[in-house]
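Below are the chains, spelled out letter by letter.
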Amino acid sequence: MKNFIGIIGTNSDNSTNRLLLQFIQKHFADKANIEICEIKNLPAFNKPEDKKAPYEVQKLADKIRKADGVIISSPEYNHSVPAILKSTLEWLSYTNQALIDKPVMLTGASYGRLGSSRAQTHLRQILDAPELKARIMPSSEFLIGYSLQAFDDNGNLTDQYKIEELEQIFNDFIKFVDITNQLVNTNDSHKKKATNFSWEEN
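What comes next is a walk through the structure. (Residues numbered from 1 in each chain as written. Predicted model: local features only at pLDDT ≥ 70, side-chain atom pairs only at ≥ 80, totals over all residues. Heavy atoms only, no water.)

## Let's talk about the overall build of the protein chain
The following threshold applies: For helices the rule is a DSSP run of H or I covering at least 4 residues; for strands it is a run of E covering at least 2, with both sets numbered from the N terminus onward. It is over C-alpha atoms that the radius of gyration is taken, and the globule rule equals 2.2 Å times the number of residues to the power 0.38. Relative accessibility under 20% of the residue-type maximum defines a buried residue, over 50% an exposed one, and the middle range a partly exposed one, all with a 1.4 Å probe and only protein chains included. For this analysis, residues touch if any pair of their heavy atoms sits within 4.5 Å. The Shrake-Rupley method, run with a 1.4 Å probe, gives the accessible areas here. Residue values count only the displayed protein chains as cover.
Helix and strand counts for the protein chain stand at six helices and six strands. For the protein chain, the α and β elements follow one another from N to C terminus as β-α-β-α-β-α-β-α-β-β-α-α. Against the 2.2 N^0.38 benchmark of 17 Å for 202 residues, the protein chain shows a C-alpha radius of gyration of 16 Å, consistent with a compact globule. Taken along the three principal axes of its C-alpha coordinates, the protein chain extends 50 × 35 × 25 Å. For the protein chain, buried positions account for 51% of its 202 residues. The contacts of the protein chain with a sequence gap of at least 6 include a subset with a gap of at least 24, amounting to 82%. On the protein chain, roughly 10300 Å² of surface is accessible, and the fraction owed to carbon and sulfur atoms is 47%.

Below you can see the structure in the form of structure tokens.
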């Protein structure tokens, strides 16, 4: 059974992305252990001179390193990801590169009709940066639009079509994790490059 980390990409106390990750955790409990992580209490990124992450950031990084893969669920704010998610990724990129070669699945729920499509596009660009270099699952985009109406009182998705779509994407992600980890075990060039990467020199 796979071990995944689910990251709620917002600091909102009432987020449908939290509901989505909780549904994924419950619905796929027979296929993966998913630990859901909050980032809402992480400090805003402030470039440390010693390149060491704050304790809570390092704690998240350690969990990411040990996991088989990561699921990020983000809303869309002003056509992009929330500031807290961008800040978290900046911490990870500058201090420990925990996402290097880590398989990542993107999901998103948003109040509008388009879900988080533009935020996911932006997030793919961010995760492909030299000091992050996550392995984002291609050709997959799971979006929940009008998310305030998407869940019942028990936190379950109500649209059977969306559930079936999610099941297909999640099954693909499990295969993607296996294939990615096989490739990573034979090639550690990304990690070597990240070790020598400096924001000041690029």
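Still more ground to cover, so stick around.
## Some points on the side chain of K102
What counts here: By the criterion applied in these results, polar contacts are pairs of N or O atoms within 3.5 Å in which, for protein atoms, one can donate a hydrogen and the other can accept it, and in which residues neighboring in sequence qualify only through two side-chain atoms.
Inspection of the secondary structure puts K102 in the loop between α3 (83–95) and β4 (103–109). In this structure the side chain of K102 is engaged in a polar contact, spanning 3.1 Å, whose partner is the backbone oxygen of I64. Setting aside residues no more than four positions away along its own chain, K102 makes contact with I64, R65, A67, D68, G69, V70, A134 and R135.

## Considering the packing of aromatic side chains
For clarity, the cut-off: Two rings belonging to Phe, Tyr or Trp (six-membered ring only in the last case) form a pair when the distance between their centres is within 6.5 Å. Interplanar angles under 30 degrees mark stacking, angles over 60 mark edge-to-face geometry, and anything in between is tilted. Remark: a charge is flagged as sitting over a ring if the NZ atom of Lys or the CZ atom of Arg is within 6 Å of the ring centre and within 35 degrees of the ring normal.
Across all of its chains, the model carries six aromatic pairs by this definition. Between the aromatic rings of F4 and F170, the centroid separation amounts to 6.0 Å while the plane-to-plane angle is 75°, which identifies the pairing as edge-to-face. Here F170 lies in helix α5 (residues 160–186) and F4 lies in strand β1 (residues 2–8), a separation of 166 residues in the sequence. Given the relative accessible area of 2%, F4 is considered buried. Since its relative accessible area comes to 0%, F170 is described here as buried. Between F28 and F170, the ring centres sit 4.0 Å apart and the planes meet at 10°, which makes this aromatic pair stacked. Note that F28 is positioned in the loop between α1 (16–27) and β2 (32–38) and F170 in helix α5, a separation of 142 residues in sequence. Among the aromatic side chains, those forming a connected cluster through ring pairs are F4, F28, F170, F173 and F176. The ring of Y94 has K51 lying over it, and the distance from NZ or CZ to the ring centre is 5.0 Å.

## Thoughts on the pairing of β4
Note the following rule: At least two DSSP bridges between two strands are required for those strands to pair.
Where burial is concerned, most of β4 is hidden: seven out of the seven residues are buried. Burial of β4 is two-sided: the residues P103, M105, T107 and A109 facing one way and the residues V104, L106 and G108 facing the other way are all buried. Relative to β4, strand β3 (residues 69–73) runs parallel, the two being bridged by four bridges. Bridging from a neighbouring strand, S73 pairs with T107 of β4. One ladder, built from two bridges, connects β4 with strand β5 (residues 135–136); its direction is parallel. Paired with V104 across the two strands is I136, which belongs to β5. Sheet analysis places β4 next to strand β6 (residues 142–144), joined by three bridges and oriented parallel.

Purely geometric numbers; function is a separate question.
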